[in-house]
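# Report on the structure
Here are the chains, one letter per residue:
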Amino acid sequence: QVQLVESGGDSVQAGGSLRLSCAASGFTYGTYCMGWFRQAPGKERKGVATIRSDSRTSYADSVKGRFTISQDKIKKVLYLQMNSLKSEDTAMYYCAADRASVHFACATSMRAYRNWGQGTQVTVST
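Scope of this entry: the structure provided in the associated data block. (Residues numbered from 1 in each chain as written. Predicted model: local features only at pLDDT ≥ 70, side-chain atom pairs only at ≥ 80, totals over all residues. Heavy atoms only, no water.)

### Points about the packing of aromatic side chains
Spelled out, the test is: Think of it this way: a Phe, Tyr or Trp ring, Trp meaning its six-membered ring, pairs with another when their centres are within 6.5 Å, and the plane angle makes it stacked under 30 degrees, edge-to-face over 60, tilted otherwise. The buried label goes to any residue with under 20% of its type's maximum accessible area, the exposed label to any with over 50%, and the partly exposed label to all in between, with areas taken from a 1.4 Å probe on protein chains only. Geometrically, a lysine NZ or arginine CZ counts as sitting over a ring once it is within 6 Å of the ring centre and also within 35 degrees of the ring normal.
Tallied over the full model, the rule gives four aromatic pairs. Summarising the aromatic geometry, the rings of Y113 and W116 are spaced 6.4 Å apart at their centres and angled 75° between planes, so their arrangement reads as edge-to-face. Judged by relative accessible area, Y113 falls into the buried class, the value being 5%. Owing to a relative accessible area of 23%, W116 belongs among the partly exposed residues under this scheme. Every member of this aromatic cluster is reached through a ring pair, and the members are F37, Y113 and W116. Note that R45 overlies the ring of Y94, its terminal NZ or CZ placed 3.7 Å from the centroid.

### Observations regarding the state of the cysteines
Definition in use: Criterion for a disulfide: a pair of cysteine sulfur atoms within 2.5 Å. Secondary structure elements are taken from DSSP: a helix is a run of H or I of four residues or more, a strand is a run of E of two residues or more, and numbering for both begins at the N terminus.
Inspection of every chain in the model, using the stated rule, returns two disulfides. Here C22 connects covalently by a disulfide to C95, the sulfurs 2.1 Å from one another. Judged by the sign of its S-S torsion, about -75°, the bond between C22 and C95 is left-handed. Of the two residues, C22 is situated in strand β3 (residues 18-25) and C95 in strand β9 (residues 91-99); the sequence distance between them amounts to 73 residues. By the burial criterion, C22 is buried, and C95 matches it. Here C33 is linked by a disulfide to C106, with a sulfur-sulfur distance of 2.0 Å. Where C33 bonds to C106 through sulfur, the torsion about that S-S bond is close to -95°, and the disulfide is left-handed.

Laid out in structure tokens, this is it:
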């Protein structure tokens, strides 16, 4: 019964910043992985950043140094701070979560996640 709801998407000028949020409910996993994925029209959904329950993080090369993934375990909210936005960052951003194992790093492929939010649109104009 995991429910994920994204928010914070908006239209921003290139170089601007945006903070996305993902509110989780019914989240009772012990060890877990959560991630942000994005999908532009006509393209496959790709991983942007992941974070494990022990706070281990990973980022796609295209966003390293610009995006930061974090979590508030008390409020059960996942965040994605996006700085220095570029036109190529334009996409529908999705929050994902699934149970995980301490024996494996969080996966960056969407096939590894069974719980998804509805998405929030981010549009970066030039």
